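Okay, here's what each chain looks like letter by letter:
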Amino acid sequence: MVAAGWLLPTGVAGVLGFTARFEAALARVQGALTAAHPHGTPGPSWHPPVVPRAQIERAEYAAAFPHLLGSVHALAADTAEDAGLGEDARVPTDTVLAPAACYSVYPTLADSTPDAPRYFDVAASCYRHEATSEVGRFRSFRMREFVAVGAEETALGWQQDWLERCRTLFAGLGVDVAVQTASDPFFGPGARFMRSSQLQQNLKYEFVAPVHAGDPGTAIASVNLHRDHLGQRFAIGSPSGGWAHSSCAAFGLERIVLALVHAHGDALADWPPFG
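Residues numbered from 1 in each chain as written. Predicted model: local features only at pLDDT ≥ 70, side-chain atom pairs only at ≥ 80, totals over all residues. Heavy atoms only, no water.

(A) Spotlight on the overall build of the protein chain. Summing up its helical and strand segments, the protein chain has seven helices and 12 strands in all. Against the globule reference of 19 Å for 275 residues, the protein chain gives a C-alpha radius of gyration of 20 Å, in line with a compact fold. Overall, the C-alpha framework of the protein chain stretches about 60 × 55 × 40 Å when taken along its three principal axes. In the protein chain, of all internal contacts separated by at least 6 residues, the share reaching a separation of at least 24 is 68%. Element-wise, carbon and sulfur atoms account for 54% of the exposed surface of the protein chain, whose accessible area totals about 12,900 Å². (Helix = DSSP H or I, 4+ residues; strand = E, 2+ residues; numbered from the N terminus. Rg over C-alpha atoms; globule rule 2.2 N^0.38 Å. Contact = heavy atoms within 4.5 Å. Areas by Shrake-Rupley, 256 points an atom, 1.4 Å probe, with all protein chains shown as cover.)

In C-alpha cells form, the structure reads like this:
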C-alpha cells in the first residue's frame, strides 16, 4: 500500500499518513455512509482527538481497557524553568486520546432524561494502543458512528436495523463481508466473564472482510448494543423509566478503504459507483 501510493510511513507501526488518493477514496466511503442513514443526515459532527479524562473514567473505559487507552502527559503548570526535566517530570493531564467517537455523545445527555429517543452521527480521530504491526491494525485511525440513546426497544431496534443496513451497504460497495458475533478485548481478572457474557447476549456483531492478500478477515465495522451501561454511568434516564439504553454502528474508515482496494484494485475508476 505504501509502494502503490496509498499510505505514507511514519516509522512507527500502526501510525500512517494518507495520500490524496486514499483521502479521495475515504470521501466516497463517507458519502456512502451518509446515504445509508435511516433518518437522513447532513454528515457527521467531528469531535477532537482528545476527550476529558473524567468522561472516559465515568464511562468505565479506563477500567475495562487500560491497555488500549492513550493518555496525554505534559509538564505541570508550576514546573520550575531551571529544574532538570526528564520524561518523569511529565504528569497526566485532564485529557486522554479518544478511543472511539461515541464517547463525546453521552456527556451531552448526562444527568438528564430526554423526552424522546436521541440519534447522533459522529466521527473522530481515535487512538488505541494496539500491540501489533498487522496490516490494518491502526493505532491512529478515524471512526464514524451512528448512535441511538433511548428506551430499551429503541437501542435494540437500532442494532437490528443497522445489521441489515450494513449488509446492504457493503454489498453496494462490492465488499464481501462475514457477520460474526464478537467481544471486546476486556482486561483484568473479570475479562473472561465479560467476553463470555457479551457473546452470549449477542451484544456485538462485527463485519469482517479481507484487507490485504492472505488476510483471513479483519473487522471493518461493528454494531454494538450497550444495554443501559452507559445510561447508568452518565445518569441518562429513559423516557419509559429506568436508565436509557444505547447502541451504535461503528465504521473504521481506513479499514474500509483497505478492503475496497483489496476487492477492486488500485484504479479508483474501476470501483463500483458509490458515494
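(B) Summary view of helix α4 (residues 152-173). Here α4 contains 22 residues, and its C-alpha end-to-end distance of 31 Å stays within 8% of the 32 Å for a straight helix at 1.5 Å per residue. Within α4, the full set of buried residues consists of Thr-154, Ala-155, Trp-158, Gln-159, Trp-162, Leu-163, Cys-166, Leu-169, Phe-170 and Leu-173. Downstream of α4 by a residue or two, Gly-174 has a phi angle that is positive, lying close to 75°. (Expected span 1.5 Å × (residues − 1). Buried < 20%, exposed > 50% of the residue type's maximum accessible area, 1.4 Å probe, protein only.)

(C) Structural view of the side chain of Ser-247. Secondary-structure assignment places Ser-247 in strand β12 (residues 245-252). Residue classification places Ser-247 among the buried residues on the basis of a relative accessible area of 0%. A distance of 2.8 Å separates the side chain of Ser-247 from the backbone oxygen of Ala-155, its partner in a polar contact. Once you skip the residues sitting within four places of it in the chain, Ser-247 turns out to touch Phe-146, Val-147, Ala-148, Ala-155, Trp-158, Gln-159, Asn-224, Leu-225 and His-226. (Polar contact = N/O pair within 3.5 Å; in protein donor to acceptor, adjacent residues only side chain to side chain.)

(D) Representation of the pairing of strand β2 (residues 15-18). Here strand β1 (residues 7-12) runs beside β2; their pairing, made up of four bridges, is antiparallel. Considered in β2, the bridge of Val-12 is made with Val-15. (Pairing = 2+ DSSP bridges.)

(E) Molecular detail of the sheet that holds β12. One open sheet accounts for seven strands, arranged β3-β7-β8-β12-β11-β10-β9; its pairing is mixed. In the strand order of this sheet, the two ends are held by β3 (45-47) and β9 (178-181), each with one partner. Neighbour to neighbour, the strand axes of the sheet diverge by 20° on average, direction disregarded. Relative to strand β8 (residues 140-150), helix α1 (residues 20-36) is tilted by about 10°, and along the sheet it contacts β3, β8 and β12. Its contacts with the sheet place helix α7 (residues 253-264) against β8, β11 (218-227) and β12, and it is angled at close to 45° to β12. (Axes fitted to C-alpha atoms, helices over the stretch in contact; angles between N-to-C directions.)

(F) The packing of α1 against α4, seen in detail. Two elements in contact, α1 and α4, have axes separated by 11 Å at closest approach and are oriented at 140°. For the element pair α1 / α4, the angle class is oblique. Relative to α4, α1 is oriented so that their crossing is right-handed. Taken together, the residues of α4 that come into contact with α1 (itself represented by Ala-32, Leu-33 and Ala-36) are Trp-162, Arg-165, Leu-169 and Leu-173. (Parallel < 35°, antiparallel > 145°, perpendicular 65-115°, else oblique. Left-handed = near helix turned anticlockwise from the far one by under 90°.)

(G) Here's a closer look at the environment of Leu-8. Inspection of the secondary structure assignment puts Leu-8 in strand β1. In this structure the C-alpha to C-alpha distance between Leu-8 and Thr-19, which are 11 residues apart in sequence, comes to 6.8 Å. Ignoring sequence-local partners within four residues, the contact set of Leu-8 consists of Leu-16, Gly-17, Phe-18 and Thr-19.

(H) Just the nonpolar core, in detail. Among the nonpolar cores identified, the biggest contains 69 residues, and Tyr-106, Val-147, Trp-162, Phe-170, Leu-173 and Phe-251 are the most heavily contacted of them. Apart from residues lying up to four places away in sequence, Leu-173 is in contact with Ala-32, Ile-256, Leu-260, His-264, Pro-272 and Phe-274. (Core = buried A, V, L, I, M, F, W, Y, C linked by side-chain atoms within 4.5 Å.)

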